[in-house]
Amino acid sequence: MQWTQKETDLLKDLKGQEQLCVDKYTRHAEAAADPQLKNLFSQLAQNEQQHLQTIRQMEQGTVPQMSGGSCNLQAPSFTAAYSGDSKEKQNDCFLCSDVLAGEKHVSALYDTCVFEFKDGAARNVLSHIQQEEQQHGKMLFDYMQANGMYQ
């Protein structure tokens, strides 16, 4: 598949954003105090790595087939890890807020790309990833809600 210059530039932007997501989730998993949050960040890092691989394939001209529905992630249910306003809770809240803002940004970038790519299969792949990014945001929201971090 030959991409236009605009499509090539957008793929480059997506690749950079996905790499940033992988790096943030990996580092935040190490920094989080709550084991549930460490686990969530690790799961999301793996999913972002899959997105990164997909974008790399697309850069090489291959549009992969997406399997399954809109999102293959298991949405965990969370139990409250914090009862007060400890330093650990404040730190975990900061980490969640940071990656949630990133998810909002990358989801918006995918939204733009869906409209900018002329190939239908490419648009389907980008739409699929965007839906997964939205699911990431929902999972972060659910964690924050369960722990009194989202007002």
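What counts and what doesn't
- Residues numbered from 1 in each chain as written.
- Predicted model: local features only at pLDDT ≥ 70, side-chain atom pairs only at ≥ 80, totals over all residues.
- Heavy atoms only, no water.
- Helix = DSSP H or I, 4+ residues; strand = E, 2+ residues; numbered from the N terminus.
- Rg over C-alpha atoms; globule rule 2.2 N^0.38 Å.
- Contact = heavy atoms within 4.5 Å.
- Areas by Shrake-Rupley, 256 points an atom, 1.4 Å probe, with all protein chains shown as cover.
- Lys, Arg positive; Asp, Glu negative; His and termini not counted.
- Charge placed at Lys NZ, Arg CZ, Asp CG, Glu CD.
- Expected span 1.5 Å × (residues − 1).
- Polar contact = N/O pair within 3.5 Å; in protein donor to acceptor, adjacent residues only side chain to side chain.
- Phe/Tyr/Trp six-rings, centres within 6.5 Å; stacked < 30°, edge-to-face > 60°.
- Buried < 20%, exposed > 50% of the residue type's maximum accessible area, 1.4 Å probe, protein only.
- Salt bridge = Lys/Arg side-chain N within 4 Å of Asp/Glu carboxyl O.
- Core = buried A, V, L, I, M, F, W, Y, C linked by side-chain atoms within 4.5 Å.

Asks: Mind laying out the overall build of the protein, listing which residues take part and the relevant values?
Replies: On a plain count of helices and strands, the protein comes out with four helices and zero strands. Counting helices and strands in the order they occur from the N terminus, the protein gives α-α-α-α. Compactness check: the protein gives a C-alpha radius of gyration of 16 Å against a globular reference of 15 Å for 151 residues, within 12% of the reference. Projected onto its principal axes, the C-alpha coordinates of the protein cover approximately 55 × 25 × 25 Å. Considering only contacts within the protein whose residues lie at least 6 apart along the sequence, 82% involve residues at least 24 apart. As displayed, the protein has an accessible area near 8,000 Å², and 48% of this comes from carbon and sulfur atoms. The positive charge centre, built from 13 side chains, and the negative charge centre, built from 20, are 3 Å apart in the protein.

Asks: Quick rundown of helix α4 (residues 120–146)? Include the residues and the values.
Replies: Here α4 spans 39 Å end to end across 27 residues, near enough to the 39 Å set by a 1.5 Å rise per residue. The opening residue of α4 is Asp119, an N-cap whose side-chain oxygen sits 3.2 Å from the backbone nitrogen of Ala121.

Asks: Kindly report on the packing of aromatic side chains, identifying the contributing residues and their values.
Replies: Throughout the structure, instances matching the rule amount to four aromatic pairs. Taking 5.8 Å as the distance between ring centres and 50° as the angle between the ring planes, the aromatic pair formed by Tyr25 and Phe41 counts as tilted. Of this pair, Tyr25 sits in helix α1 (residues 5–31) while Phe41 is found in helix α2 (residues 35–59), placing the two residues 16 residues apart along the sequence. One exposure class covers both Tyr25 and Phe41, and it is buried. Ring geometry for Phe141 and Tyr150: centres 4.8 Å apart, planes at 75°, overall edge-to-face. According to the relative accessible area criterion, Phe141 is partly exposed, its value standing at 29%.

Asks: Lay out α2 with the relevant residues and their values.
Replies: Between the first and last C-alpha of α2 there are 36 Å, a value that for 25 residues agrees with the 36 Å anticipated at 1.5 Å per step. Lining the buried residues of α2 we find α1, α3 (87–116) and α4. Phi for Gly61, located one or two positions after α2, is positive at around 100°.

Asks: Outline the pattern of salt bridges, listing residues and values.
Replies: If you walk through the whole model with that rule in mind, you get four salt bridges. In this structure, Lys6 and Glu116 form a salt bridge, with 3.0 Å as the shortest nitrogen-oxygen distance. Here the residue Lys6 occupies a position in helix α1, and Glu116 occupies one in helix α3, the gap between them amounting to 110 residues. Among the residues examined, Glu116 registers a relative accessible area of 33% and is labelled partly exposed.

Asks: How would you summarise the nonpolar core if you had to cite specific residues and measurements?
Replies: The biggest cluster of nonpolar side chains holds 36 residues, and the ones touching the most others in it are Phe41, Met58, Phe117, Leu126 and Tyr143. Elements that contribute at least two residues to this core include exactly α1, α2, α3 and α4. Broken down by element, this core gets its largest block of residues, nine residues, from α3. Other than its neighbours up to four places away in sequence, Tyr143 contacts Asp34, Gln36, Leu37, Leu40, Phe78, Ala81, Tyr82, Asp92, Cys96 and Met149.

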